[in-house]
Amino acid sequence: MVDRVSNGIQIKGTRDGLMVTLDEKIAWETLKESLLAQMSERAAFFQGAKVVLEIGNRVITGEQLGKLKDDLAAIGISFWAVLSQSAATEESAQTLGLATRIHTRPVERTGSKSLDSYLEGEQAIFLRKTLRSGFKVASHGHIVILGDVNPGAEIIAGGSIIVWGRLRGIAHAGAEGNEDAVVCALDLSPTQLRIADYVSISPQRKGKTQPEVAYIENQQVVAEPWVIKEH
Amino acid sequence: MAARIITVTSGKGGVGKTTTTANLAVALAMANQKVVCLDADIGLRNLDVVLGLENRIVYDVVDVVEGRCRVRQAMIRDKRLPELYLIPAAQTRDKSAVSPSDMIRLCEELSSEVDFILIDSPAGIERGFKNALAAADTVLVVTNPEVSAVRDADRIIGLVEAEEKGPAKLILNRMNFGMVKRGDMLAPEDILDLLAIELIGIVPEDEHVLISTNRGMPVALDPTSRAGIAFHNISRRLQGETVPFMDMDEKSSFFSKLGKLFGPGGN
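### Section: the interface of chain A and chain B
Okay, step 1: Each partner contributes to the interface: chain A provides 10 residues, whereas chain B provides 13 residues.
Okay, step 2: Together, the buried faces of chain A and chain B total about 950 Å²; carbon and sulfur atoms form 42% of this surface.
Okay, step 3: On the chain A side of the interface with chain B, the three residues burying the most area are Arg 132, Ser 133 and Phe 135 of chain A, jointly 53% of the side's total.
Okay, step 4: Inspection of the region where chain A meets chain B yields three salt bridges.
Okay, step 5: The salt bridge involving Arg 166 of chain A is made with Asp 193 of chain B; its shortest N-O contact spans 3.0 Å.

### A few points about the sheet that holds strand E2 (residues 35–39) of chain B
All names here are of chain B.
Okay, step 1: A sheet is described by the order of its strands in space; here eight strands give the open sequence E3-E4-E2-E5-E1-E6-E7-E8, paired in mixed fashion. Here the strands that pair on one side only, and so sit at the sheet edges, are strand E3 (76–77) and strand E8 (198–204).
Okay, step 2: In the sheet, E2 pairs with strand E4 (residues 84–87) via four bridges, with the strands oriented parallel. Residue Val 36 lies in a different strand from E4, and its bridge partner there is Tyr 85.
Okay, step 3: The strands touched by helix H11 (residues 226–238) within the sheet are strand E1 (4–9), strand E5 (116–120), strand E6 (138–143), strand E7 (169–175) and E8, with E8 carrying the most contacts at an inclination of about 160°.

### Brief notes about the sheet that holds strand E7 (residues 136–139) of chain A
Residues and elements named next belong to chain A.
Okay, step 1: If you trace the five strands from one edge of the open sheet to the other, you get E7-E9-E11-E13-E14, paired in mixed fashion. Here the strands that pair on one side only, and so sit at the sheet edges, are E7 and strand E14 (198–200). Geometrically, the sheet is characterised by an average inter-axis angle of 5° between neighbouring strands, direction not taken into account.
Okay, step 2: Here strand E13 (residues 192–195) runs beside E14; their pairing, made up of three bridges, is antiparallel. In the strand pairing of E14, Ile 195 is matched with Tyr 198.

### A closer look at the pairing of E6 of chain B
All names here are of chain B.
Okay, step 1: Counting buried positions along E6 gives six out of six residues, so the element sits mostly inside the fold.
Okay, step 2: Burial along E6 is two-sided: the residues Thr 138, Leu 140 and Val 142 and Val 139, Val 141 and Thr 143 are all buried.
Okay, step 3: Bridging between E1 and E6 involves four bridges; their strand directions are parallel. Opposite Thr 9, over in E6, you have Val 141 as the bridge partner.
Okay, step 4: As paired elements, E6 and E7 share four bridges and run parallel to each other. Its bridge partner being in E7, Leu 140 is matched across the sheet by Lys 169.
Okay, step 5: Following the backbone out of E6, through helix H7 (residues 147–162) and into the adjacent parallel E7, one traces a crossover that is right-handed.

### What to know about the pairing of strand E11 (residues 170–173) of chain A
Residue and element names in this part refer to chain A.
Okay, step 1: Pairing of strand E9 (residues 154–157) with E11 involves three bridges; the strand directions are parallel. Its bridge partner lying in E11, Ile 155 is registered against Ala 171.
Okay, step 2: Two elements, E11 and E13, share four bridges in a ladder whose sense is parallel. Following the sheet pairing, Ala 171 is matched in E13 by Leu 193.

### Observations regarding the side chain of Arg 132 of chain A
Okay, step 1: As for its placement among the helices and strands, Arg 132 of chain A is situated in the loop between strand E6 (124–127) and E7.
Okay, step 2: In this structure the side chain of Arg 132 of chain A is engaged in a polar contact, spanning 3.5 Å, whose partner is the side chain of Glu 161 of chain B.
Okay, step 3: Leaving out residues up to four positions away in the same chain, Arg 132 of chain A has contacts with Asn 150 and Ala 153 of chain A together with Asp 154, Ile 157, Gly 158, Glu 161, Leu 194, Leu 195, Ala 196 and Ile 197 of chain B.

### A word on the packing of helix H5 (residues 100–111) of chain B against helix H6 (residues 127–134) of chain B
Residue and element names in this part refer to chain B.
Okay, step 1: In contact at an axis separation of 8 Å, H5 and H6 are set at 30° when each is read in the N-to-C sense. As summarised for this structure, H5 and H6 are arranged roughly parallel, according to the angle between their axes. In this structure, H5 meets H6 at a crossing whose hand is right-handed. Here Pro 100, Met 103 and Ile 104 of H5 lie close against H6, whose contacting residues are Arg 127, Lys 130, Asn 131, Ala 132 and Ala 134.
Okay, step 2: Each residue belonging to the contact of H5 with H6 can be placed in one class, and the counts come to five nonpolar, one polar and two charged.

Rules used throughout
Residues numbered from 1 in each chain as written. Chains lettered and ligands numbered in written order. Predicted model: local features only at pLDDT ≥ 70, side-chain atom pairs only at ≥ 80, totals over all residues. Heavy atoms only, no water. Contact = heavy atoms within 4.5 Å. Buried area = accessible area lost by both parts, 1.4 Å probe. Salt bridge = Lys/Arg side-chain N within 4 Å of Asp/Glu carboxyl O. Pairing = 2+ DSSP bridges. Helix = DSSP H or I, 4+ residues; strand = E, 2+ residues; numbered from the N terminus. Axes fitted to C-alpha atoms, helices over the stretch in contact; angles between N-to-C directions. Buried < 20%, exposed > 50% of the residue type's maximum accessible area, 1.4 Å probe, protein only. Right-handed = clockwise from strand over helix to strand, strands pointing away. Polar contact = N/O pair within 3.5 Å; in protein donor to acceptor, adjacent residues only side chain to side chain. Parallel < 35°, antiparallel > 145°, perpendicular 65-115°, else oblique. Left-handed = near helix turned anticlockwise from the far one by under 90°. Nonpolar A, V, L, I, M, F, W, Y, C, P; charged D, E, K, R; others polar.

From the geometry alone we can't say anything about function, so treat these as descriptive.
Rendered as structure tokens:
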């Protein structure tokens, strides 16, 4: 899943579940409403998710947390932990039975900043197998396949698609409207290629195959050989 | 010793599942293996016809499953090959008359009595296919050198993998090497490239197959026909022998040389 920041809410997929970071400058009620709106809008996707809420120094009462827990539970999301620098907030979380520490990710103290050379990257799924006819892979993030994608198989990604092998099935990158998404393959011969709302059919290949990348340019899907750039 | 349980399937209809099952059964039986064929195509049976045993059916697989007879009573013994038996499908019922667990139970019962159980799967990916697959320890996928048959074979191979019965082995049936040479037919290499599974046999297109099928005399009974030899080779590979693939090219160039010797028009 791609990181999302909107209306002061950042949602990130981690090993501990969805890490939801709330902007301290925005009122709690406003944040709560927009968080619930975002999550119920894509309820099918968030269904069954475990949420960790990161709320910084803000003081939140047990009643406020309890209300949010109930509202999230109503849309099938479990709220299990609160990360806060405020002792009062931690206490109210504990009385509700919420965790206030998670093992794998220490609370980032305010003011601390990650190194410039450290990149978070984006969420992708990786599959090492041949995708045969009738099989489908879908993800809101990027999709990387090490293997062939045979005719009759489908890949649908919110982000980009990379196939280290032959792509002969259907590929849809940027399926949620991202026109910057690309599709790369060692042999790019899809039955059909879609990027965002643009659809294209591969031309009959002449000559030998080579790695290619497809993207949108001037409102249409173009594919060009992947060349190692001279920097 | 427990029997090998081999399911012959394809996804697409008409590619030669039943012919392959019948001929492999004959070839294995001719190699002194005790074989029972099980027709899982309930409602559209024809393994009995291809084996020429249609007129001897009294009980069928549904009778066994529903307890109207014992397994032994439903096993029709082939008169030509005493080690070959058939358990026919029911014609008046449908696939839902048998469940995957019924098939497993039936094969367990047969397992101690025979060397090979060959299951002829129906076309499709529904209940009948699942029944046929349930008991299998080896799956043979039959395909023709046609785009649509290869596409379905790919789907079936994926489903076999998903059932953890894989990796399936491939039989290329009705291969016409003359057409491949002219570029009018998918070449075996192209098909294997796509399907990426082990090839266990190539059966050349041979009109003897149709003639013998219509007579209820599987072509493998005639070990001189090209298709018959191919089926015997597959049977030997199933028994663990390493048998080189027939060199079709050699054969056709041999014939074309003969043709040249005898003047134009011959091939």
